[in-house]
Amino acid sequence: MHPLLRKAIKEKFGRLNRLQQDAFREVSAGKSVLVIAPTGSGKTEAAVLPVFNEILEGNLRPISALYIAPLKALNRDLLDRLEWWGKRLGISVEVRHGDTSAYRKAKQTKNPPQMLIITPETLGVILTVKSLRRHLANVKFVIVDEIAELVDNKRGAQLLLNLERLAEIADFKRIGMTATVGNEDEVREWLGAEVIVKPSWKKSYRFHVLYPEPDEKDEELARELSLSPEIAARLRLLWEIVERHGKALVFTNTRQFAEILAHRLKAWGKPVEVHHGSLAKEARIRAEKALKEGKIRALICTSSMELGIDIGDVDVVVQYMSPRQVNRLVQRAGRAKHRIGEVSEAYIIATNVEDYLQSLIIAKHALEGRFEAVEPIGGLDVLAHFTVGLLIEHKRLPRERPYEIAKRAYVYRELSWEDYLDVLKVLEDSRLVGYDEEKGLLYLRRGAFQYYYENLSTIPDEVSWRVFDAGSGHVIGRLDESFVMDLEEGMDFVMNGRSWIVLKVDDEAKLIKVRESRSLESAIPSWEGEMIPVPFGVAFAVGRLKRELAFDFERAKGLLEGVNFREDELERAFEEIRGEPFSTDRDIVVESTPKALVVHADFGNRANEALGRLVYSLLSPRYGGVFSMRSQAHAVVFKTPFQLNPEEVKRYLYQEPEMLEPMVARSLRGSHAYRWRMLNVAKRFGALRRNAKIRRVERLFEGTVVERETLNELYHDKVDVSRGKLVLEMLRRGSLRVKTSLRKEPSKLARLNIAVGGEFLLSGALERDEILELFRKRLLEHEVVLVCTNCGWHSKTRVSRLGGIENRECPRCGSKMLAVAHPIDAEEFLPVLEKVKRGEPLGRKEGRAYRKLLKAADLVDSYGFEAVLALASYGTGPDTAARLLGQYRGDALLVALMERERLFIRTRRFWVDGRGGEEEKAGLAR
């Protein structure tokens, strides 16, 4: 080990732990390594320290190492840690991404760092930059952080192909890091590593699963907070856990749940803050700091806190509602007492019987180390982009060369020559690539560069849809496209605390025509798209637990050995469903009621989606499109205009397994989800331009490779056809049977699945008012800079202090042209204003900075404090603010600003480094 590194290690933490020693030995021996370890085990240092040592020992030329991380993993603490080591060792460490200035990029090209930190998308850019390619030829190590975030999506497939492009010019070793997964060897092969390094010790967890019942105290709290006694009981229990243990992280499954839970605790006077990905960076930092410094007792958060953000020591983790996946629970629980040898303490507070049984199973699987496998995916659309990228690098290539390079990547190892030729045909038909038959060479055509840079990210560009109320004749709000793609005509959904029925989905106008339905029981919450899917293994084990509880309670308890739970709560949970229809690992139950048919089936969200599509495709031809279908973890729910015969639906389930895929495909082809996916797949292929609007896209690509890829993507993400076939095979063999039930009123479990959302699905406007008030408070806390656009006077302040701004004047010159700006915008504006005063000409960028604040000042002068709120909102620049202020006032403006903020964060969540700036192309404001 190099003396400088030895000295730095001693300063930082004395000596390397066993995991770090093992990784150091394997990397130093010249091997590619996959490090698998839980949070807090020091896997970042395990990966980077041997690389730093090789840079020092071999005096390696820059760029010696690339550190590739998804944005979620690349947090401030990680940057601080890597830069700390770099400074101690005299090794330059820099970051490059979509927000990196042109000046910084030029500097990196002239004097490249020894370690460059990038995102997967940035690799696709720098491979095509001529001046950087000679430095990339020096790369000896590529570190990929948080691999589990990449394996099961097309970002990962694109990264693998780009690593093979890099391998054409550089000889490097691969080092990967991930939390525990269920298919370690496959993930190792995916990365191309030779060995796995894991801790010699096993991380210890203590899981408590609770299903509280309200008492008299809860009745009082319920009255005080205007909540049901059941919700009050859960809040009381949650806070008792926090008081008992100390500093806590409280995880929820969606951002909206986190906001509502934090609001209720604050209304009770408890010191908490909220933390999730839709909050502005400043708000997240303040919340993290408040917990670290002990100013608050708990942080109510989502997956934004799963990774290693430094918030000091956490004593306990509370999961509110089922974590839905084993991997998710372990990742979250590991944030409490995460040091080696400590026992991580985690509580799950369940909200209903299904939630409770699911939580018990997940906790048991976590103790047994039964983690979910991450499912790798390739993608012929990603292959198309890779082929164009190679040609940008090499200009002309033999036709077989991209095929040979792609097949080295794990997810393309079985790529057929026929599929590759299909991809080339799309590229040729789109006039992006040409083929010289005489010389056998592929070459670029006009438009290839634009296509390549527009498709650097595999994440679809999402737009929001307007929701138009046919009753009032007004637009009542907006919905995310990813949620809209699951809506069909006749379905109910919840928005602003009220339920609406879909009358028409207009793809071309991006408009949903609705009328109020006042039917909360069957409506889908607009946050449903955020929910984590429950896997087959967990759902099936819940089915077994229900069966054991029905026949032998003591034996059922034995299935949960090691999990802390109260026997009386387990008995009460089962009593709630005893004597009513419920599914098990050996029984599907078809329950028919006057307004809904529920197929109780313990197979998880994706397998149930396949079964639901099967039944739907058989019901529709007979009765017409009068049904809507929704799959849950433990049921498929059909909303029906009349009571169906459950025996008829039972017959539909006894199909030959090989019939499932064509029937599911037929059902999918008519859905909005299918059209939305196909549109994005076609754009990634280059078959459609990014701004294309096609009314019947499914007809345009029928029978093509675009259609094939669309179905493959849906099967991977939404519909588990292989597990669906397994269920049909079990039915055929007789290891699974179908029972039927005809009822006037739905059973307890049927009601749970018909009315999803539980305590967060509220009638009236209470939820909307709660959320708007939270959003307003957050805006009032934002720090902005007040700038005089006439003389340059400026002062940093909070939005809450700017009431009555329309009457203010500049204290220096008396001008009323005061702009509200982000600190960075103010910093850019002030030197430009000096140039204007001197009469000097402005550059393009300077002109934009100048006009931006003039427009902001004009908005403040015209709209007063509402303009301040708009300009303080995350992701809303003066142009967007002007449009919104021209359309909305009061609460309607807050709703519009919230929707804009969500859109901005979602489309900017992955750094993309492209010529001309991807943020500008997408029309995003800071």
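Look up a bit, the structure's there.
S.K.: Before we move on, could you go through the sheet that holds strand β4 (residues 115-118) and cite the residues and values that matter?
M.R.: Here 7 strands make up an open sheet; going across it, the order is β3-β4-β2-β5-β6-β1-β7 and the pairing parallel. Bordering the open sheet on either side are β3 (93-95) and β7 (195-197), each of which pairs with just one other strand. When strand polarity is set aside, the average angle formed by the axes of neighbouring strands in this sheet is 20°. Pairing between strand β2 (residues 65-68) and β4: 4 bridges, direction parallel. Looking at the pairing, I68 lines up with I118 of β4.

S.K.: Could you give an account of the environment of K650, naming the residues involved and the relevant values?
M.R.: Turning to its location among the elements, K650 is positioned in helix α26 (residues 646-653). In this structure, the C-alpha to C-alpha distance between K650 and K739, residues 89 residues apart in sequence, is 7.8 Å. Excluding residues within four positions of it along the chain, K650 makes contact with V738 and T740. Separated by 3.4 Å, the side chain of K650 and the backbone oxygen of V738 make a polar contact.

S.K.: Report on helix α5 (residues 102-110), specifying residues and quantitative values.
M.R.: For α5, the full list of buried residues reads K105, Q108 and T109. Down the axis of α5, the buried side of the element spans an arc of 100°, and every buried residue falls inside it. Set apart from the buried face of α5 by more than 90 degrees, the exposed residues are Y103 and K110. Among the structural elements, β3, β4 and α7 (130-136) are those in contact with the buried residues of α5.

S.K.: How would you summarise helix α1 (residues 3-13) if you had to cite specific residues and measurements?
M.R.: All buried positions along α1 are accounted for by L5, A8 and I9. Angular distribution of buried residues about the axis of α1 spans 105°; they occupy a single face of the element. Facing away from the buried side of α1 by over 90 degrees, the exposed positions are P3, R6, K7 and K10. One or two residues past the end of α1 sits G14, with phi positive at roughly 80°.

S.K.: Pulling in residues and values, what's your account of the pattern of salt bridges?
M.R.: Following the criterion strictly, the structure yields 60 salt bridges and no others. The shortest N-O distance in the salt bridge between K557 and E567 comes to 2.7 Å. Pair noted here: K557 is in helix α23 (residues 553-558) and E567 is in helix α24 (residues 567-577), with a separation of 10 residues, a long-range link. Looking at E567, the relative accessible area reads 34%, which means it is partly exposed. In this structure, E713 and R684 form a salt bridge, with 2.6 Å as the shortest nitrogen-oxygen distance. In this pair, E713 sits in helix α30 (residues 705-717) while R684 sits in helix α28 (residues 672-685), placing the two residues 29 residues apart along the sequence. For the pair shown, E713 and R684 are each scored as buried.

Reading the values: the criteria
Residues numbered from 1 in each chain as written. Predicted model: local features only at pLDDT ≥ 70, side-chain atom pairs only at ≥ 80, totals over all residues. Heavy atoms only, no water. Pairing = 2+ DSSP bridges. Helix = DSSP H or I, 4+ residues; strand = E, 2+ residues; numbered from the N terminus. Axes fitted to C-alpha atoms, helices over the stretch in contact; angles between N-to-C directions. Contact = heavy atoms within 4.5 Å. Polar contact = N/O pair within 3.5 Å; in protein donor to acceptor, adjacent residues only side chain to side chain. Buried < 20%, exposed > 50% of the residue type's maximum accessible area, 1.4 Å probe, protein only. Arc of directions from axis to C-beta. Salt bridge = Lys/Arg side-chain N within 4 Å of Asp/Glu carboxyl O.

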